Amino acid sequence: RYAILSYVWGTDPSSFRAVRDNIDQLHIEIPPSALPLTLQHIFRLVRHLSLAYLWVDALCILQDDRAEQDTEISNMASTYLNAYLQISATSSPGARHVCRSLRQSEWDSTLFQHYRLLTRGWTFQERILARRVVHFTGKELVWECKTGRWCDYSKRNLGKASDRLPAISGIAALLLPGGRDGEGEYVAGLWREAMPFELLW
């Protein structure tokens, strides 16, 4: 069993990340004081939940190794799908911010204003693939699982336009039915049978 973190990194260049220069030291120790506040709190929470493992993309993928990033991106669907619990820093605009523990109407109406994580492109598949999620918002904790009520939002932002297709590739791979005559075939973000219509929008 492992927990997985979904959060907005933010634009702070000093955010703590695994790179070639520090990976050997990280294998020995990750000093809590070196971590952004969001990660410090998540580490503490995971210990309280008695989970032995936590997957954080900034620490589990070498951020200056393109080959490793490509490999891990292709495995992202499996990584999120098999997590015991996804912890989402839903209202935090960056890793250096604190996330504390809404009525349903507030949750729906203020999504884009207050829940930055849910507007990010990469977190779309993270949220869809997760078996269960606990959202840390500014006002409360929100639990989400496959049997709970939840909404799908499509307006999300990406730091790099080139990440658009990789950010949803895990979902596409799981949805591919492999039908006859190209039916259900996924082609660069579109379904082949709907392509004439989708190219016109």
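Please refer to the structure higher up on the page.
Let me begin by describing the structure that accompanies this report. Given the structure is predicted, the values throughout are model-derived calculations rather than measurements.

Examining the overall build of the protein
Right, on to step 1. Each helix and strand counted, the protein has 10 helices and 7 strands in total.
Right, on to step 2. Evaluated residue by residue, the protein yields a buried proportion of 39% over its 201 residues.
Right, on to step 3. Of the roughly 11,900 Å² of accessible surface on the protein, a fraction of 54% belongs to carbon and sulfur atoms.

Some remarks on the pairing of strand β5 (residues 141-145)
Right, on to step 1. A one-sided burial pattern is seen for β5, the buried positions being V142 and E144 and the unburied ones L141, W143 and C145.
Right, on to step 2. Alignment of strand β4 (residues 132-136) against β5, held across 5 bridges, turns out to be antiparallel. Paired with V133 across the two strands is E144, which belongs to β5.

Things to note about the pattern of salt bridges
Right, on to step 1. Tallied over the full model, the rule gives 4 salt bridges.
Right, on to step 2. A salt bridge links D70 to R66; its shortest N-O distance comes to 2.9 Å. Of the two residues, D70 and R66 both sit in helix α4 (residues 66-74), 4 residues apart, roughly one turn of that helix.
Right, on to step 3. Judged by relative accessible area, which is 42%, R66 ranks as partly exposed.
Right, on to step 4. One salt-bridge network, in which partners are shared between bridges, spans R20, D64 and D65.

As for unusual backbone geometry
Right, on to step 1. Backbone geometry at S50 places phi at a positive 60°, although glycine is not the residue there.
Right, on to step 2. Position of S50 among the secondary structure elements: in the loop between α2 (37-48) and β2 (53-55).

Focus on the environment of D57
Right, on to step 1. Looking at the element boundaries, D57 is found in helix α3 (residues 57-60).
Right, on to step 2. On the basis of relative accessible area, D57 is assigned to the buried category, the value being 15%.
Right, on to step 3. Considering only alpha carbons, one finds D57 and R17, 40 residues apart in sequence, at a separation of 8.6 Å.
Right, on to step 4. Not counting the four nearest positions on each side in its chain, D57 is found in contact with Y7, W9 and Q63.

Digging into the pairing of strand β3 (residues 85-88)
Right, on to step 1. Because side chains alternate across β3, one face comprises the buried residues L85 and I87, and the other comprises Q86 and S88, equally buried.
Right, on to step 2. Inspection of the sheet shows strand β1 (residues 2-6) paired to β3 by 4 bridges, in the parallel sense. Residue pairing in the sheet places A3 in a bridge with L85 of β3.

Some details on the sheet that holds β1
Right, on to step 1. Within the open sheet, the 5 strands sit side by side as β2-β1-β3-β4-β5. Their pairing is mixed. Looking at the sheet topology across the chains shown, the edges are occupied by β2 and β5. Strand-to-strand, the axes of this sheet are offset by a mean angle of 25°, without reference to chain direction.
Right, on to step 2. Here β3 runs beside β4; their pairing, made up of 3 bridges, is parallel. Bridge assignment links Q86 to a residue of β4, and that residue is V133.
Right, on to step 3. Running at roughly 145° to β2, α2 makes contact with β1, β2, β3 and β4 of the sheet.

So, how was this worked out
- Residues numbered from 1 in each chain as written.
- Predicted model: local features only at pLDDT ≥ 70, side-chain atom pairs only at ≥ 80, totals over all residues.
- Heavy atoms only, no water.
- Helix = DSSP H or I, 4+ residues; strand = E, 2+ residues; numbered from the N terminus.
- Buried < 20%, exposed > 50% of the residue type's maximum accessible area, 1.4 Å probe, protein only.
- Areas by Shrake-Rupley, 256 points an atom, 1.4 Å probe, with all protein chains shown as cover.
- Pairing = 2+ DSSP bridges.
- Salt bridge = Lys/Arg side-chain N within 4 Å of Asp/Glu carboxyl O.
- Contact = heavy atoms within 4.5 Å.
- Axes fitted to C-alpha atoms, helices over the stretch in contact; angles between N-to-C directions.

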